[in-house]
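Summary of the model geometry
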Amino acid sequence: MSGATSLAAMTGITSTPSPFDGLPSAVAGLEPPRTAFAALPAAVRRELRVDQVGELVAVRLYDGALAGSRAPDVRRFAAGHRRIERAHLALFEAYLPREARSRLGGFWRLAGWLLGWVPARLGPAALYAVVAGVERWVDGHYARQIALVRRLAPDPELLRVLEACRNDEARHAEDAEELYPDAPWWARVLAGVAVGCSRAGVVVARWV
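The notes below deal with the structure included here.

Take the overall build of the protein chain next. If you tally the helices and strands in the protein chain, you get 7 helices and 0 strands. In sequence order, the protein chain lays out its α and β elements as α-α-α-α-α-α-α. In the structure as shown, the protein chain presents an accessible area of about 9800 Å², 58% of it carried by carbon and sulfur atoms.

Right, let's get into the packing of helix α3 (residues 72–95) against helix α5 (residues 124–152). The contact between α3 and α5 brings their axes to 12 Å, and the two run at 25°. Our classification of the angle between α3 and α5 gives roughly parallel. At the point where α3 passes α5, the crossing takes the left-handed sense. Side by side, α3 and α5 meet where Asp73, Val74, Phe77, Glu85 and Phe92 of the first sit next to Pro124, Leu127, Tyr128, Val131, Glu135 and Tyr142 of the second. Per-class residue counts for the contact of α3 with α5 are 8 nonpolar, no polar and 3 charged.

Let's shift gears to the nonpolar core. Counting residues in each nonpolar core, the largest one holds 52 residues, and the members touching the most others are Leu40, Leu48, Phe92 and Leu162. The set of elements that each furnish at least two residues to this core consists of α2 (42–68), α3, α4 (105–122), α5, α6 (156–179) and α7 (185–207). Those residues in contact with Leu40 that lie beyond four places of it in its chain are Thr35, Arg45, Leu48, Tyr95, Ala153 and Leu158.

This brings us to the packing of α5 against α7. Pairs of packed helices are described in terms of their axes, by the angle between the two and the distance that separates them. Look at α5 against α7: their axes get within 8 Å of each other, and the N-to-C directions meet at 40°. When the axes of α5 and α7 are compared, the pair comes out oblique. Between α5 and α7 the crossing geometry is right-handed. From α5, Ala125, Ala126, Ala129, Val130, Gly133, Val134, Trp137 and His141 reach across to α7, where they touch Trp186, Ala187, Leu190, Ala191, Ala194, Val195, Ser198, Arg199, Val202 and Arg206. For the contact of α5 with α7, the class distribution of residues is 13 nonpolar, 3 polar and 2 charged.

Criteria and thresholds
Residues numbered from 1 in each chain as written. Predicted model: local features only at pLDDT ≥ 70, side-chain atom pairs only at ≥ 80, totals over all residues. Heavy atoms only, no water. Helix = DSSP H or I, 4+ residues; strand = E, 2+ residues; numbered from the N terminus. Areas by Shrake-Rupley, 256 points an atom, 1.4 Å probe, with all protein chains shown as cover. Axes fitted to C-alpha atoms, helices over the stretch in contact; angles between N-to-C directions. Parallel < 35°, antiparallel > 145°, perpendicular 65-115°, else oblique. Left-handed = near helix turned anticlockwise from the far one by under 90°. Contact = heavy atoms within 4.5 Å. Nonpolar A, V, L, I, M, F, W, Y, C, P; charged D, E, K, R; others polar. Core = buried A, V, L, I, M, F, W, Y, C linked by side-chain atoms within 4.5 Å. Buried < 20%, exposed > 50% of the residue type's maximum accessible area, 1.4 Å probe, protein only.

As structure tokens, then:
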């Protein structure tokens, strides 16, 4: 079974729009890179470990949002975006050997779930502000990674995966901003805390 086929089977992502959010995923049809993971420079391998952690946290964030909110609009938003994050995670997990992943998988799952559940319990303004803030930061983080990969290991297939994930994350931020463009100050503060936690998580995930 090809990487693309297994990805579609695992996530249901195709080139057609999601029934939840009306958006296609930029990773539709992509396969994991064929370059051996072990052949990449150490700095790039560390960044890909961060990406696997980040996508795991993203999936769990939307799991937490679904657990924390009964609002139909929030649930449609969370379910649709979780579906795309699962596609991202499937790509990274198909590429990274288990021994190359972070050893803190249980911690990341709990942290991601709380990152979605807490703002969802506080209401749509909080959840959308957190998603917008974190996804905007992730967009920039992917941009910096893409520049690093172009410099150290310019593999076209790897770059294609990273760029597709970045495009999806930017669209997720736009979705959240459009749904609640005028978040109150306290929701923006919560989003800033979430971004700070994301920054710290990247540092930890690179090494543990």
